[in-house]
Amino acid sequence: MQNILVTGGAGFIGCNFVRYMLDKYPDYTIVVYDKLTYAGRLENLQDVQAQHGSRLRFVQGDICDAAAVDDAIGAHDIDAIVNFAAETHVDRSIMSPDAFIQTDVYGTYVLLEAARKAGNLRYHQISTDEVYGHIHGDHRSLESDSMAPRSPYAASKASGDHMVNAYYITYGLPVTISRGANNIGPFQYPEKVVPLFVTNALNNMALPVYGDGKQMRDYQYVIDHCSGIDVVLHEGVMGESYNIGTGKEMTNLEMVEILLDALGKPRSLIQHVEDRQGHDRRYCMNVNKLMALGWEPEYTHEEAIRATVRWYVDNQWWWEPIRNGEFKEYYQRLYGNRKVIG
Ligand code: NAD
Ligand code: DAU
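Conventions and cut-offs
- Residues numbered from 1 in each chain as written.
- Chains lettered and ligands numbered in written order.
- Predicted model: local features only at pLDDT ≥ 70, side-chain atom pairs only at ≥ 80, totals over all residues.
- Heavy atoms only, no water.
- Salt bridge = Lys/Arg side-chain N within 4 Å of Asp/Glu carboxyl O.
- Helix = DSSP H or I, 4+ residues; strand = E, 2+ residues; numbered from the N terminus.
- Near = heavy atom within 4 Å.
- Polar contact = N/O pair within 3.5 Å; in protein donor to acceptor, adjacent residues only side chain to side chain.
- Areas by Shrake-Rupley, 256 points an atom, 1.4 Å probe, with all protein chains shown as cover.
- Domains from an automatic or database assignment.
- Contact = heavy atoms within 4.5 Å.
- Buried area = accessible area lost by both parts, 1.4 Å probe.
- Buried < 20%, exposed > 50% of the residue type's maximum accessible area, 1.4 Å probe, protein only.
- Pairing = 2+ DSSP bridges.
- Right-handed = clockwise from strand over helix to strand, strands pointing away.

## Here we look at the pattern of salt bridges
Summed over the entire model, instances satisfying the criterion amount to 20 salt bridges. We note a salt bridge from E257 to R267, for which the minimum N-O separation is 4.0 Å. Of this pair, E257 sits in helix α9 (residues 252-263) while R267 sits in the loop between α9 and β13 (270-273), and the two are 10 residues apart along the sequence.

As structure tokens, this is what we get:
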């Protein structure tokens, strides 16, 4: 494996993965293939480009465009595809599911088909713990658990996973899937809860906590996710899925308290608002299968939140223009008329 097509590489996790891989593997070349939706930004890659020059190439394109995908694979002699490209925000999927079906379902099919036609290229699918649905009691999702997605986003990602498995079984395509928990860290679009709350707090705006705030998530640092993907890409067994997370969970309110303390901001900024429709109460995964391959996370939840807060405090140049762009209209639409409940 030397020439990797990283779809969605201008987004949050993708750009961190590109940086991680080019630093670690001096003989690899990466071609980022990205449509540049509202979430994809070239400035996410500008430091990597400056550091690695021609080892990083960029193609603007849609993963739903089969001819453009084939061209990129042929033109750059691609031997592996890692698919990060997706519509990723649950609240947007509730407001308008269409783009999620296009990109996360149909786009995944287009990439699989392109990998097959190019001679069965190595294919890795980036998936999510949301495919398991919300988890009851103290169970931790295992890779062998059935998928039970509940939001349009989660259902579109689960459909993608089914298609990846079908290409392994039917055509023998060399595939793996990784299912990540909630990522936080540099370059995350401020619609997601941690960067939203940090940037709101820095502007002394209220933090809109959905419902009682006792939903549970596994907030992992993005670099731990990237190192896990690297292990699956190189050591994973074909046709298998691997969970990536810390294996522990915390409530949203616990996350908010660490975040506010790190910023030195008062708890009075917390505002409970009407809950998300169909809100999954708890995600938590068992990550032993990946740990058996020698991987382990380096950041605790608290360290991950503090590191993320520091990055946003230091990188206002990155998020301020975003908050003044498309984001403004989105924020008004989602939060403008939302009922405050406490
Ligand atoms: P993101 O929204 O920050 O970035 C998505 C990227 O995909 C953007 O660069 C966007 O321009 C690109 N893209 C979207 N539609 C495209 C299309 N049709 N063709 C080409 N490019 C397109 O997302 P992220 O948070 O970095 O998530 C990356 C992947 O990881 C997704 O597959 C997501 O489902 C998965 N994931 C995310 C998390 C998380 O916490 N953020 C956790 C687990 C898994
Ligand atoms: O679990 C992995 C998933 O994590 C990824 O697959 C998704 O792409 C990613 O968006 C994320 O989904 P979540 O819905 O868990 O993330 P989000 O940041 O939107 O919300 C995290 C939690 O915070 C969730 O319980 C909802 C809550 N929340 C979110 C927002 C945006 C609030 O309380 N208030 C908010 O304003």
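## Here we look at the site of ligand 1
The local shell around ligand 1 holds 28 residues, among which I13, D34, T88, Y153 and K157 are the closest. Residue F84 places a main-chain N or O atom 3.1 Å away from an oxygen atom belonging to ligand 1. Here an oxygen atom of ligand 1 and a backbone polar atom of N183 are 2.9 Å apart. Expressed as a share of its isolated accessible area of 840 Å², the protein-covered part of ligand 1 is 97%. For the shell around ligand 1, the secondary structure elements donating two or more residues are α1 (12-24), β5 (122-128) and α6 (152-171).

## Quick notes on the domain arrangement of the protein
Segmenting the protein into domains produces domain 1 (3-184 + 221-244) and domain 2 (193-216 + 248-283 + 300-335). Taking only C-alpha atoms into account, the centre of domain 1 sits 25 Å from that of domain 2. Contact with domain 1, which involves 25 residues of that partner, is made by 23 residues of domain 2. Carbon and sulfur atoms make up 52% of the area that domain 1 and domain 2 hide from each other, which totals about 2,100 Å². The largest share of the area that domain 1 buries against domain 2 comes from D91, M95 and I184, three residues that together contribute 25% of it. Between the two partners, domain 1 and domain 2, sit 4 salt bridges.

## Looking at the pairing of strand β6 (residues 175-180)
Among the 6 residues of β6, 6 are classified as buried, and the element is accordingly described as predominantly covered. Burial of the side chains of β6 extends over both faces: V175, I177 and R179 are buried on one face and T176, S178 and G180 on the other. As judged from the 6 bridges shared by β5 and β6, these two strands associate in the parallel manner. Along β6, the bridge assignment pairs H124 with T176. Between β5 and its parallel partner β6, the chain crosses via α6, and the hand of that crossover is right-handed. By the bridge criterion, 4 bridges tie β6 to strand β11 (residues 241-244) in an arrangement that is parallel. The residue of β11 that forms the bridge with G180 is I244.

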